[in-house]
Amino acid sequence: MEGRPLEDVELVERAQGGDVAAYGELVERYREVAFRTAWLITRSSADAEDAAQDAFVKAFYALGRFRSGEAFRPWILRIVSNEARNRRRSAGRRQHLALRAERERGPGDAAPSPEAATVAREDRERLLAALERLPERDRLVIAHRYLLELSEAETAEALGVRPGTVKSRLSRALERLRASMEVRSDG
Amino acid sequence: MDERMPMSDEDLGRALGTLGRELAYPGTPSMAPAVTARLTTDRSAGHRPPFPGAALWSRRRVVVLVAVGVFAALALAAAARLAIGSIQIRVQPGVTPSASLPPVVPEVLGDAVSPEAAVAQAGFAAALPAGPAPDEVYVVDSGFGDPGLLFAWRPSEVYPALPGTDHGMLLLALQGDEELVVKTVDRFDDVHRASVAGRRAFWIPVPHTLSVSTEAGTQTYSVAGNVLIWQAADGITYRLETTLGRAAALALAEGFA
């Protein structure tokens, strides 16, 4: 488009003027977090893709209601979350959270010893298993805040709740996560 | 690891952040080409209103078609999705509650609890209408979003029985704006705009369906009663299902305390 990458606000303004190509830039910019958000809710690649794509289309037609100065990412994630929730199917088809088979390290990262790497991976596996045992409400607030690395304000916007609700829900969710880890350790 | 001290919230947050970066997400599909193609096709086929693409049009055509465009945009946007707080209303032509769908009965939520226990479990107290107190209180916890409260009144002279149920009135109270409940109606005209305490409300006096997101999937019920939906100033969304007419239902809602 131009030499420097356009800011979200500029792309939104162009899209509000009907510039579909500018909107395509926004889609490209946020497709990964949108798809991952949808996948964390639906746990189905096909449903997540449909949800994210439909959300982007609906969001385009809703740009007239997008307030100037608002952040685009949480706004689109709110629409994605709603679309994803409406596509949830039976529990039997859900994919599970899993760690990547091999961690990709940057060139400057020191490789941990094999023993340390094994322990660290076991810790993460244990944390993941505890997370999977939590109720949906707890899992989703943790997923938005920590796995997707959204701020509390963004998490609130994406989930459609107040920032104070995110704070209290996170606090309870982390407490239950700790309990879930301890129960399994004791068992 | 079992002998370690429990992690603080901060440590747990950091560990979860690391975990998030190491999750094996499915590959993100390319989306921009498909989305822009859909938008372009919609526009050329005239299936969608030109807004917000009006700037691409000539000024003359915009002037001529602005009224039509605005009306079309408003109608389509409204038809596609209406929402108040935690409740979304969808218009799906041809949809009518099938006889096989169960009615909304509070018993599917589990056992009734005491009002005090309900408030403690849900974490909030709902306003209630003046008049007879509810006969039963249930906590609605689908595992998705914050828990809600459902109040049920047995049939009486004040609240005649809702078709297909053992209740005369049902009041659902939900927290926040997370759209957890979807109501689907046949026609846009089935949803009437109203006002409760000066706040936007919807009145639905026709049979429709109600879907609730749960961890096991989406559960859908038939609704035969008249429904009033509004969001109070404190953010609580109310859904009142009753056999009362519009004026009586609105008066009841205005008297919530």
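Definitions and limits used
Residues numbered from 1 in each chain as written. Chains lettered and ligands numbered in written order. Predicted model: local features only at pLDDT ≥ 70, side-chain atom pairs only at ≥ 80, totals over all residues. Helix = DSSP H or I, 4+ residues; strand = E, 2+ residues; numbered from the N terminus. Buried ≥ 20, exposed ≤ 12 C-beta atoms within 10 Å, placed from the backbone. Contact = placed C-beta atoms within 7 Å. Arc of directions from axis to C-beta. pLDDT = per-residue confidence, 0-100. Pairing = 2+ DSSP bridges.

1. Some details on the overall build of chain A
- For chain A, the helix and strand inventory stands at eight helices and zero strands.
- Of the regular secondary structure in chain A, the N- to C-terminal order runs α-α-α-α-α-α-α-α.
- Going through the 187 residues of chain A one by one, you find that 41% of them count as buried.
- A sequence separation of at least 24 residues applies to 66% of the contacts in chain A between residues at least 6 apart.

2. Here we look at helix H1 (residues 8-16) of chain A
All names here are of chain A.
- Inspection of H1 places Leu-11, Val-12, Ala-15 and Gln-16 among the buried residues, and these make up the whole buried set. When H1 is viewed along its axis, its buried side chains cluster within an angular range of 135 degrees and face the same direction.
- Check the buried side of H1 and you find it contacts helix H2 (20-42), helix H3 (45-61) and helix H4 (72-86).
- In the stretch just after H1, Gly-18 is the one whose phi turns positive, near 100 degrees.

3. Considerations on the interface of chain B and chain A
- Tallying the contact residues gives 49 residues for chain B and 59 residues for chain A.
- Of all the elements in the fold, those that place two or more residues in the side of chain B that touches chain A are helix H1 (9-21), helix H2 (32-45) and strand S10 (217-223) of chain B.
- Element by element, the count of residues in the side of chain B that touches chain A is highest for H1 of chain B, at eight residues.

4. Re the confidence of the model for chain A
- Counting all residues, the mean pLDDT for chain A is 83, and 82% of those residues have values of 70 or more.
- Least confident of the elements in chain A is helix H5 (residues 114-133) of chain A, whose mean pLDDT is 80; most confident is H2 of chain A, at 94.

5. Focus on the pairing of strand S12 (residues 237-242) of chain B
Residues and elements named next belong to chain B.
- The element S12 is extensively covered by neighbouring structure, given that six of its six residues are classed as buried.
- Residue alternation in S12 divides its side chains into two sets, Thr-237, Arg-239 and Glu-241 and Tyr-238, Leu-240 and Thr-242, and both sets are buried.
- Strand direction decides the pairing type here: strand S5 (residues 169-174) and S12, joined by six bridges, are antiparallel. Directly across from Ala-173, in S12, lies its bridge partner Tyr-238.
- For strand S11 (residues 226-231) and S12, the ladder comprises six bridges, and the chain directions are antiparallel. Paired with Trp-230 across the bridge in S12 is Tyr-238.

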